[in-house]
Each structure stands twice: as structure tokens, then as C-alpha cells.
Amino acid sequence: MGLTACVLAVDAGNSKTDVAVVAADGSVLATARGGGFRPPVVGVEAAVDAVADAVGRAFAAAGVSSVEHVSACLANADFPVEERQLAAALRTRAWGPDVEVRNDTFAILRAGVTEPRGVAVVCGAGINCVGMRPDGRTARFPALGRISGDWGGGWGLAEEALWHAARAEDGRGVDTDLARVLPHHFGLPSMYALIEALHLEEIAPARRHELTPVLFATAATGDPVARSLVDRLTDEVVSMATVALTRLDLLDEETPVLLGGSVLAARHPQLDDGVRELLADRAPKAVPQVVTARPVLGAALLGLDRAGASLEVQARVRAYYEA
């Protein structure tokens, strides 16, 4: 039998998985990185296998065989029933007797606060929002795209930009520089050529996300259509945050509102300033801040919360990731 550590922290997103083995005193014994966690695509067992590979390497580097608490923040854990199903799958791996699974947005939230209290809005490929209080109460959204009322995220912004650009070129919509800069990004002469290339997959579908920075750059030049899309995203971010604050009875208390994900972390001036101004109007006591710490820190802190760790212990693991 090997040694037993305190927490196995797992942050598993669609594109990558980060794990950390944390001792009871907050020391990070080992870390490892693995592939993406996509149970809807490959199935639960295959998705957990990808996590298991990273966990095995971290355990070996730490010289441990198990932990007391497994704190896993996982993409695609959008409903409590999915969290329970994924927790059951993780328990079969016997990494530790206590397993807690949360949506990966909770990792970003916890990484940005000194106690489990606040709201986080994450805008990367998609958009999501969660909130939590120390008493265990949480607020969350399904975040499944249009069927759950969502708008925004890098993928959605790229599609909206393409929609407006296509209509501008053929005359159905108002003129916008997007009709010229989007195809130019791929070295193409027109939106017609870009539409054809995307349809025939001469340009890989995954490359559409490259158009989101192009949209923001176009908005920065003053293009009205591009600016209107950024303004709409601003409203979505603040609406989600305000609803979460209201559900948790935090609207009238000074509360951190964490902004994370590649789109928000990029600090585009129109979006960043707009979110802060609109949030000040709708939730004056909210304290917005951009989170840049790796989300696996949040998973580790959630595990230490469950273990009843002191602030000193939590500060030690935070120092490791924020150094």
C-alpha cells in the first residue's frame, strides 16, 4: 500500500484535463495533464479512461495509491443527475472513498474567491454561470445552448458574425465590415466563397472559433453590427450574473462576480467595460473581477472545503498555482 493524500483535484474540460494530488497541509504533491473529457461523444467509460490516464501519472509522481477526497469539476455535468452518474463512474476507479462531482464552471468560481461564496460567468466556447454560498446553496443554469435559452460564447458569436456577414453580402441585411474581414481571415475573396468552403468542410468546422477574435477586432474599429453583437453578449453576461445573485439572496450584499473563459479573460475593452458598467447599474454591490488562475485550483479548494481545511492550508495550494 502507498501513502494516502488528502485531495485528488480534477478539472476536466472539453479540450483538456488537469489533475492535482494535494496533501493535507495544502502541498501540491504532483500534477498531470490529459486529453479532453467528452462523454456525449465517446461515452462515459471512455471519457473517464482519459481522466484515469492523467490520474495514474499524478499518483505515480506523488507516490500515492489513493486519496481521502476526490473533487472533480467536469464539463458536460450540466444537471444534478449527470453529476450523480459521473460520480458513480469515478467511484468505480477506487481513487478515494469520498467523491464529489460538480460542473466545471464551479472550479473557475472557487479559484477566484477566498471562500465558497460568489457568482461566476464563464464565456469560452459556450457560456455558463453558477453561484454558491458557504451553506451549500447553489445557483446554476442548464447551459445547453439555444434549447436552454443561452446566447453567446465564442462558437455562438462566430455563427452570429457569419449570419450577419452573409446577409450583408447578398443584400438581405445591412452592410458590415464583417462581410469582408471574415473571408479575408481565411484568405478567401468573399462570403460566398467562405460559405462554400465551410459547407464542403474545406475549412474544418472547428476553425470557426477563429472568427470570434475577428469579430471583436471589427467591433473595435466601430463597425455597428459587430458592436451590436458585443453589446448583446454584455447583456447576456450581466443577466446571468444578476439572476444568480438574486437566486442566492446576494443581490444586496457585496459579492464577487468572477469572469472567466477565453472570451472574458481576453479583456476586450468594449465587453469588459460594458459588463462592469451594466453590472454596476443592475447589481451595484457586485464586485467583478477576471479570473486567470487555472481552474484545477478551484477543484482543489472545493476538495479542501469538504475536508474542513484551514485558511492556511488553502492559502498554500493557492500560492502554488498563483506563483
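Every value quoted in this text rests on a predicted model; they were computed, and no experiment measured them.

## Details of the overall build of the protein
Then, in step 1: Helix and strand content of the protein: 13 helices and 10 strands.
Then, in step 2: The C-alpha atoms of the protein give 21 Å as radius of gyration, which agrees with the globular expectation for 323 residues (20 Å, within 12%).
Then, in step 3: Overall, the protein is about 70 × 45 × 35 Å in size when its C-alpha atoms are taken along their principal axes.
Then, in step 4: Here the protein holds 323 residues, and the buried ones make up 53% of them.
Then, in step 5: Contacts in the protein between residues at least 24 apart in sequence constitute 67% of all its contacts with a sequence separation of at least 6.

## Notes on the sheet that holds strand E10 (residues 286-290)
Then, in step 1: Spatial ordering of the open sheet is given by E8-E7-E6-E9-E10, a layout of 5 strands whose pairing is mixed. Of all the strands in the sheet, the pair left with one neighbour each is strand E8 (138-140) and E10. In this sheet, neighbouring strand axes are inclined to one another by 15° on average, regardless of whether the strands run parallel or antiparallel.
Then, in step 2: The sheet contacts of helix H9 (residues 224-247) involve strand E6 (118-123), strand E7 (127-132), E8, strand E9 (255-260) and E10, and relative to E7 the element is tilted by about 25°.

## A look at the pairing of strand E4 (residues 64-74)
Then, in step 1: For E4, a buried count of 9 out of 11 residues is recorded, marking the element as mostly surrounded by other parts of the structure.
Then, in step 2: Examined bridge by bridge, E4 and strand E5 (residues 98-103) share 6 bridges and lie parallel to one another. Following the sheet pairing, valine 70 is matched in E5 by valine 99.

## Notes on helix H6 (residues 178-185)
Each full turn of the α-helix corresponds to 3.6 residues, which orients residues three or four apart in the same direction.
Then, in step 1: Burial in H6 covers these residues: Leu178, Ala179, Leu182 and Pro183. Down the axis of H6, the sector holding all buried residues measures 115°, keeping them to one side.
Then, in step 2: Looking at the buried positions of H6, the neighbouring elements they touch are helix H5 (153-170), helix H7 (191-199), helix H8 (211-220) and H9.
Then, in step 3: Note on H6: the residue one or two positions beyond its end, glycine 187, has a positive phi of about 75°.

## Here we look at the pattern of salt bridges
Opposite charge on two side chains allows them to pair when their charged atoms are near.
Then, in step 1: Here the structure, examined in full by the defined rule, presents 23 salt bridges.
Then, in step 2: Between arginine 316 and glutamate 312 there is a salt bridge, with its nearest N and O atoms 3.7 Å apart. You can see arginine 316 and its partner glutamate 312 sitting in helix H13 (residues 311-322), 4 residues apart, about one turn around the helix.
Then, in step 3: According to the relative accessible area criterion, arginine 316 is partly exposed, its value standing at 34%.
Then, in step 4: On the basis of relative accessible area, glutamate 312 is assigned to the exposed category, the value being 56%.
Then, in step 5: A single network of salt bridges, built from pairs that share partners, joins Lys16, Asp18, Arg33 and Arg294.

## Here's the deal with the nonpolar core
Note on soluble globular proteins: their nonpolar side chains tend to be buried together.
Then, in step 1: By size, the foremost hydrophobic cluster in this structure holds 52 residues, and its most contacted members are Leu182 and Leu233.
Then, in step 2: For this core, the leading source of residues is H9, giving 11 residues.
Then, in step 3: Dropping the residues within four chain positions of it, leucine 182 is found in contact with Ala161, Leu162, Ala165, Met191, Leu194, Leu211 and Val214.

## Things to note about the pairing of E9
Then, in step 1: Along E9, 6 of the 6 residues are buried, which leaves the element largely enclosed by surrounding structure.
Then, in step 2: Of the two faces of E9, the one carrying Thr255, Val257 and Leu259 and the one carrying Pro256, Leu258 and Gly260 are both buried.
Then, in step 3: In this sheet, E9 lies alongside E6 in parallel orientation, the contact comprising 4 bridges. Each residue of the ladder has a partner; that of valine 122, found in E9, is glycine 260.
Then, in step 4: Two strands pair when backbone bridges link them, and E9 and E10 are joined in this way by 5 bridges, in the parallel orientation. The residue bridging proline 256 from the neighbouring strand is valine 287, located in E10.

Calculation criteria
Residues numbered from 1 in each chain as written. Predicted model: local features only at pLDDT ≥ 70, side-chain atom pairs only at ≥ 80, totals over all residues. Heavy atoms only, no water. Helix = DSSP H or I, 4+ residues; strand = E, 2+ residues; numbered from the N terminus. Rg over C-alpha atoms; globule rule 2.2 N^0.38 Å. Buried < 20%, exposed > 50% of the residue type's maximum accessible area, 1.4 Å probe, protein only. Contact = heavy atoms within 4.5 Å. Pairing = 2+ DSSP bridges. Axes fitted to C-alpha atoms, helices over the stretch in contact; angles between N-to-C directions. Arc of directions from axis to C-beta. Salt bridge = Lys/Arg side-chain N within 4 Å of Asp/Glu carboxyl O. Core = buried A, V, L, I, M, F, W, Y, C linked by side-chain atoms within 4.5 Å.

Purely geometric stuff here, so don't read any function into it on its own.
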